[in-house]
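# Understanding the architecture of this molecule
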Amino acid sequence: MKVHIERCPFCAHAEFIQARQYAPEAYVSGEAIFGQQLNHTICRNCGSVVRSYVENPENLLKKKNRRAKD
Ligand SMILES: [Zn+2]
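This report concerns the structure included in the present document.

Rules used in this analysis
- Residues numbered from 1 in each chain as written.
- Predicted model: local features only at pLDDT ≥ 70, side-chain atom pairs only at ≥ 80, totals over all residues.
- Helix = DSSP H or I, 4+ residues; strand = E, 2+ residues; numbered from the N terminus.
- Rg over C-alpha atoms; globule rule 2.2 N^0.38 Å.
- Buried ≥ 20, exposed ≤ 12 C-beta atoms within 10 Å, placed from the backbone.
- Contact = placed C-beta atoms within 7 Å.

## Considerations on the overall build of the protein
Looking only at helices and strands, the protein features zero helices and three strands. Counting from the amino terminus, helix and strand elements in the protein follow one another as β-β-β. Since a compact globule built from 70 residues should have a radius of gyration of about 11 Å, the 15 Å found for the protein marks it as more spread out than a globular shape. Taking the principal axes of its C-alpha atoms as reference, the protein extends roughly 45 × 30 × 15 Å. Looking at the protein as a whole, 3% of its 70 residues qualify as buried. A sequence separation of at least 24 residues applies to 44% of the contacts in the protein between residues at least 6 apart.

In structure tokens:
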């Protein structure tokens, strides 16, 4: 299911800016994971970050904990 945000939940504005941020390190369960790209959906009107996400969440896990892709 794809959720599409149509309006900012804070100011009801309907225009967003997509921003990418290189996150040099992130911590998952206390362990540093390097090289993740953070994507942000930012309200053009009030600047609220409505959504932040990584494109490949599996990459946040150690190789042995990733789901096998066949
Ligand atoms: Zn807003």
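## Here's the deal with the environment of Glu6
One can find Glu6 in the segment before β1 (16–28). Between the alpha carbons of Glu6 and Val50 there is a distance of 11 Å; along the sequence they are 44 residues apart.

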